[in-house]
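Letter by letter, the chains look like this.
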Amino acid sequence: MDNHLSTNNLASDSRSSFSGRLGYVLAVAGSAVGLGNIWRFPYLAAKYGGGMFLLVYLILMVTFGYVLIVSETALGRMTRKSPAGAFCTFGTSLPFRFGGWINAVVPMLIVPYYCVIGGWVLKYLVEYTRGNALTLAADGYFTGFIASSVSVEFWFVVFSALVFFVILAGVKQGVERVSKIMMPILVLLAIGVTVYSVTRPGALEGVKYFLVPNFNDFSLMTVVAAMGQMFYSLSIAMGILYTYGSYIGRDVDIEKSTTQVEIFDTAIAILAGMMIIPAVFAFSGGDMETLQAGPSLAFITLPKIFASMGVATLIGITFFLMFLFAALTSAISLLETSVSTLEDELHLSRSKCCLIMCVVMALVGTASSLGYGAWDFVTIFGMAFLDFFDFLTNSVMMPLAALSTCFLIIRVVGFARIAQEVEYSSAFRRKKLYNFFLRYLAPVCIGIILLSSIANVLGIISL
Ligand code: PFF
């Protein structure tokens, strides 16, 4: 994918440069659409206020999300480096090193637990293939599965092995190509399941809960969760956009591609929400406990919808195959980013860097996969390992990474140089908005959210 991007963009004839823009948008969208959209977004929306969550998410996305994507991409293209190197282009003192590394370390901590969830998806796919659709839909199946440590660890290892195989064999291009076919099928399938889901008796209440904001559902936690999700889903504040930005040429319209990626990513997340939340209402009457189910929501609700459709095996296999693909392509780009940062910064061979990531994955991934079973007596600030790593990366490290980017631009690079970088390819249409958010709103809001989520976990405040 990376080579594909650079060759296309270095080419000078207009046809190649068009395919360069398209290649860039597809590459970023491919990395953006993953478990975050299908698994994480619906459960957070269900838990943190439905329509209110959606509204806050959309506002954050067109303001902060937009500002951060443009910033990271422009800095990547300007410096032609991935995050650690990009920050060090402007200075080598501690704050620069910290800013670069915090952006670079996030994917290294996400990829292990991402692969644990990838393992859950794989397990479901295999069970559907074996004709166990009704078993998967039974009450308590999922909870029993994640508590069965050996099985969860097994599927985590199989999924991770697939990811490593692709990275080592270098068949990325093939995966990218296949995912371009799989993604549209996933969308069509999701539309089909959504139509079925929202037409179940009682589902309309769920549609209302998900789409209509109710101000009673608002809490600071809605904003904290929505911001974490926005970072996660759009692959912001984890180095990836610096890296992708460094591969593109000056002909790529940064603003336009940002908008396209945001629309695509959000459309898929909303579709997943429409598939899952109304179904929760249809099957459990909008029971609060089910809505609060958290990470397990998609794995409990989807099999029930499929079972009630009468063609559970076929739909289950097709859907989880697509789900697996979305997870696999994202996991590959997370691991690829981690490995290439280690290569660049530690000057070690690719295989040594893969080995380092293997160790990180074995430690963090195993802790995450056993956290709901054999190791459920260990909690960190009251959270199981997987939830803890998700919280640490999304609510603490990503806001810090985003703050570092804001400060780098405000204090060192200067707004004018970013504007100049964007204007190489097109007029900077939302220049004023960008300037306003970056200078006045982003640092203050990110800072407040960071502090409040830490205070919440330490029990100082209750959100
Ligand atoms: N944005 C992806 C998702 O929503 O699942 C997660 C992700 C994948 C982040 C790849 C970063 C990345 F490089």
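Student: Even after reading the chapter, I still don't get the overall build of the protein, so can you show me in this structure?
Tutor: The number of helices and strands found in the protein is 21 helices and 0 strands. What you see for the protein is a C-alpha radius of gyration of 21 Å, in line with the 23 Å of a compact globule of 463 residues. When the 463 residues of the protein are sorted by exposure, 60% land in the buried category. When contacts within the protein are restricted to residue pairs at least 6 apart in sequence, long-range pairs at least 24 apart make up 82% of them. Accessible surface computed for the protein: about 17600 Å², of which carbon and sulfur atoms make up 68%. The positive charge centre, built from 27 side chains, and the negative charge centre, built from 25, are 8 Å apart in the protein.

Student: Help me understand helix H6 (residues 94–129) in this model?
Tutor: The end-to-end C-alpha distance of H6 is 52 Å, a good match for the 52 Å that 36 residues give at a rise of 1.5 Å each. Residue Val111 marks the point of greatest curvature in H6, where the axis turns by about 30°; the proline Pro112 follows within four residues. Immediately downstream of H6, the backbone of Gly131 shows phi near 80°, a positive value.

Student: Explain the site of the ligand to me, please; I cannot follow it from the model alone.
Tutor: Close to the ligand lie 15 residues, the nearest being Ala32, Gly36, Tyr114, Tyr232 and Ile240. Note that a nitrogen atom of the ligand is positioned 3.0 Å from one of the backbone N or O atoms of Ala32. Protein contact buries 99% of the 340 Å² of open area that the ligand shows by itself. Sorting the residues of the shell around the ligand by element identifies helix H2 (14–32), helix H3 (35–47), helix H12 (220–233) and helix H17 (312–346) as the ones contributing at least two each.

Student: Please explain the packing of helix H18 (residues 350–370) against helix H19 (residues 385–413) as it appears in this structure.
Tutor: Any two packed helices are characterised by the angle at which their axes cross and by the distance between the axes. The geometry of H18 relative to H19 is characterised by a closest axis approach of 6 Å and an angle of 125° between their N-to-C directions. Judged by the inter-axis angle, H18 sits oblique to H19. For the pair H18 and H19, the contacting residues are Val364, Ala367 and Ser368 in the first and Phe385, Leu386 and Phe389 in the second. In the contact of H18 with H19, the residues fall into 5 nonpolar, 1 polar and no charged.

Student: Hey, could you run me through the environment of Tyr124 in this one?
Tutor: Examined against the element boundaries, Tyr124 turns out to sit in helix H6. When its relative accessible area of 0% is taken as the criterion, Tyr124 is described as buried. Taking the C-alpha atoms as reference, Tyr124 lies 9.7 Å from Leu324; in sequence the two are 200 residues apart. Residues in contact with Tyr124, not counting those within four places in the same chain, are Leu136, Tyr141, Phe142, Phe145, Phe299, Pro303 and Phe320.

Student: It is not clear to me how the packing of aromatic side chains should be interpreted in this structure. Could you clarify?
Tutor: The geometry of an aromatic ring pair comes down to the distance between the two centres and the angle between the two planes. For the structure shown, the criterion picks out 36 aromatic pairs. With centroids separated by 5.5 Å and ring planes inclined at 35°, the aromatic side chains of Tyr124 and Phe320 adopt a geometry described as tilted. Placement of the pair is Tyr124 in helix H6 and Phe320 in helix H17, with a sequence separation of 196 residues. Relative to Tyr440, the ring of Phe436 lies with its centre 5.8 Å away and its plane at 50°, an arrangement referred to as tilted. Of this pair, Phe436 and Tyr440 both sit in helix H21 (residues 431–457), 4 residues apart, roughly one helical turn. Grouped by ring-pair contacts, the aromatic residues Trp120, Tyr124, Tyr128, Tyr141, Phe142, Phe145, Phe299, Phe306, Phe319, Phe320, Phe323 and Tyr372 constitute a single cluster. In this structure, Arg200 is placed above the aromatic ring of Tyr196, and the distance from its NZ or CZ to the ring centre is 3.8 Å. Above the ring of Tyr66, the side-chain terminus of Arg430 is found at 4.1 Å from the ring centroid.

Student: Honestly, the pattern of salt bridges in this entry has me stumped. Any pointers?
Tutor: Two side chains of opposite charge can pair, provided their charged atoms sit close to one another. In the structure shown here, the tally under the stated rule is 12 salt bridges. Arg350 is the salt-bridge partner of Glu336, the closest N and O atoms lying 2.9 Å from each other. One end of the pair, Glu336, is in helix H17; the other, Arg350, is in helix H18, with 14 residues separating them in the sequence. Owing to a relative accessible area of 9%, Glu336 belongs among the buried residues under this scheme. Owing to a relative accessible area of 29%, Arg350 belongs among the partly exposed residues under this scheme. Arg350 is the salt-bridge partner of Glu343, the closest N and O atoms lying 3.2 Å from each other. One connected set of salt bridges, linked through shared partners, spans Asp253, Glu255, Arg429 and Arg430.

Student: What's the story with a nonpolar patch on the surface in this structure? I'm lost.
Tutor: Residues Phe381, Ile454, Leu458 and Ile460 make up a contiguous nonpolar surface patch of about 400 Å² in total accessible area. Along the chain, Ile454 turns up in helix H21.

Student: Looking at this structure, how should I read the state of the cysteines?
Tutor: Each disulfide consists of one covalent bond between the sulfur atoms belonging to two cysteines. One pass over the full model with this rule turns up 0 disulfides. There is no disulfide at Cys88, and the cysteine sulfur nearest it, in Cys353, is 17 Å away. Residue classification places Cys88 among the partly exposed residues on the basis of a relative accessible area of 27%. In this model Cys115 remains outside any disulfide bridge; the closest cysteine sulfur is found in Cys358, 11 Å from its own.

Student: Looking at this structure, how should I read the nonpolar core?
Tutor: Membership of the largest hydrophobic core comes to 164 residues, with the highest contact counts inside it found for Trp120, Phe306, Phe320 and Tyr434. Ranked by the residues each element gives to this core, the list is headed by H6, at 18 residues. Not counting residues within four places of it along the chain, the set of residues in contact with Trp120 comprises Trp39, Phe142, Phe145, Ile146, Val152, Pro295, Phe299, Tyr372 and Leu386.

Student: Just checking my understanding: could you explain H3 for this structure?
Tutor: Every α-helix carries 3.6 residues per turn, so stepping three or four residues along brings you back to the same face. For H3, built from 13 residues, the straight-helix expectation of 18 Å at 1.5 Å per residue is met to within 8% by its first-to-last C-alpha distance of 17 Å. Taken as a whole, H3 carries its principal kink of about 35° at Phe41; the proline Pro42 stands between one and four residues after it. Counted residue by residue, H3 has 12 buried out of 13 residues, so it is predominantly covered. Of the residues one or two after H3, Gly49 is the one with positive phi, at around 105°.

Quick notes on the rules
- Residues numbered from 1 in each chain as written.
- Predicted model: local features only at pLDDT ≥ 70, side-chain atom pairs only at ≥ 80, totals over all residues.
- Heavy atoms only, no water.
- Helix = DSSP H or I, 4+ residues; strand = E, 2+ residues; numbered from the N terminus.
- Rg over C-alpha atoms; globule rule 2.2 N^0.38 Å.
- Buried < 20%, exposed > 50% of the residue type's maximum accessible area, 1.4 Å probe, protein only.
- Contact = heavy atoms within 4.5 Å.
- Areas by Shrake-Rupley, 256 points an atom, 1.4 Å probe, with all protein chains shown as cover.
- Lys, Arg positive; Asp, Glu negative; His and termini not counted.
- Charge placed at Lys NZ, Arg CZ, Asp CG, Glu CD.
- Expected span 1.5 Å × (residues − 1).
- Bend = angle between axes of the 7 residues up to and from the residue.
- Near = heavy atom within 4 Å.
- Polar contact = N/O pair within 3.5 Å; in protein donor to acceptor, adjacent residues only side chain to side chain.
- Axes fitted to C-alpha atoms, helices over the stretch in contact; angles between N-to-C directions.
- Parallel < 35°, antiparallel > 145°, perpendicular 65-115°, else oblique.
- Nonpolar A, V, L, I, M, F, W, Y, C, P; charged D, E, K, R; others polar.
- Phe/Tyr/Trp six-rings, centres within 6.5 Å; stacked < 30°, edge-to-face > 60°.
- Lys NZ or Arg CZ within 6 Å of the ring centre and 35° of its normal.
- Salt bridge = Lys/Arg side-chain N within 4 Å of Asp/Glu carboxyl O.
- Patch = residues over 30% accessible without salt bridge, like charges linked within 9 Å, V, L, I, M, F, W, Y side chains within 5 Å.
- Disulfide = S-S within 2.5 Å.
- Core = buried A, V, L, I, M, F, W, Y, C linked by side-chain atoms within 4.5 Å.

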